[in-house]
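Geometric and topological summary
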Amino acid sequence: MQIYNASEALPNLINPFFMLPLLGILRLRARDLVGYGLLQLLVQAPIVFFPCRLFARQLPFNPPMR
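Procedures and definitions
Residues numbered from 1 in each chain as written. Predicted model: local features only at pLDDT ≥ 70, side-chain atom pairs only at ≥ 80, totals over all residues. Heavy atoms only, no water. Helix = DSSP H or I, 4+ residues; strand = E, 2+ residues; numbered from the N terminus. Buried < 20%, exposed > 50% of the residue type's maximum accessible area, 1.4 Å probe, protein only. Areas by Shrake-Rupley, 256 points an atom, 1.4 Å probe, with all protein chains shown as cover. pLDDT = per-residue confidence, 0-100. Expected span 1.5 Å × (residues − 1). Bend = angle between axes of the 7 residues up to and from the residue. Patch = residues over 30% accessible without salt bridge, like charges linked within 9 Å, V, L, I, M, F, W, Y side chains within 5 Å. Salt bridge = Lys/Arg side-chain N within 4 Å of Asp/Glu carboxyl O.

1. A word on the overall build of the protein
Looking only at helices and strands, the protein has three helices and zero strands in total. In sequence order, the secondary structure elements of the protein are arranged as α-α-α. Evaluated residue by residue, the protein yields a buried proportion of 15% over its 66 residues. Element-wise, carbon and sulfur atoms account for 67% of the exposed surface of the protein, whose accessible area totals about 6200 Å².

Right, dumping it as structure tokens:
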């Protein structure tokens, strides 16, 4: 479940569409935020993927049907 949540959240760091209303309110351009989004991606992606990879290797996968 955490891997699913992580894979859903990471594109929001690349394309911060949740910031569009805030851009209009603050009268900023999208290029003003791209650097911050890229920085978040570079910092948080390894922090998210490393524990997911670690836990995925520790937990056995049991298929629902054999």
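2. Looking at the confidence of the model for the protein
Residue-level pLDDT values for the protein average 78, and 85% of them are 70 or greater. Averaged pLDDT values over the elements of the protein bottom out at 69 in helix H1 (residues 2-14) and peak at 84 in helix H2 (residues 20-26).

3. Details of helix H3 (residues 31-58)
Helix length check: H3, at 28 residues, gives a terminal C-alpha distance of 41 Å against a target of 40 Å (1.5 Å per residue), a fit within 8%. A maximum bend of about 30° is found in H3 at Gln 44, where proline Pro 46 lies one to four positions downstream. Of all the residues in H3, the buried ones are Leu 33, Gly 37, Leu 41, Ala 45 and Cys 52.

4. Quick look at a nonpolar patch on the surface
There is a patch of nonpolar side chains on the surface, built from Leu 38, Leu 39, Leu 42, Val 43 and Ile 47 and spanning about 500 Å² of accessible area. On the basis of relative accessibility, which here comes to 52%, the residue Leu 39 falls in the exposed class.

5. Examining unusual backbone geometry
Positioned with a positive phi, Arg 27 is a non-glycine residue whose angle comes to about 55°. The topology assignment puts Arg 27 in the loop between H2 and H3.

6. So, the environment of Cys 52
Within the fold, Cys 52 resides in helix H3. Residue class for Cys 52 comes out buried when judged on its relative accessible area of 14%. Along the chain, Cys 52 and Ala 6 lie 46 residues apart, while their C-alpha atoms are 8.4 Å from each other.

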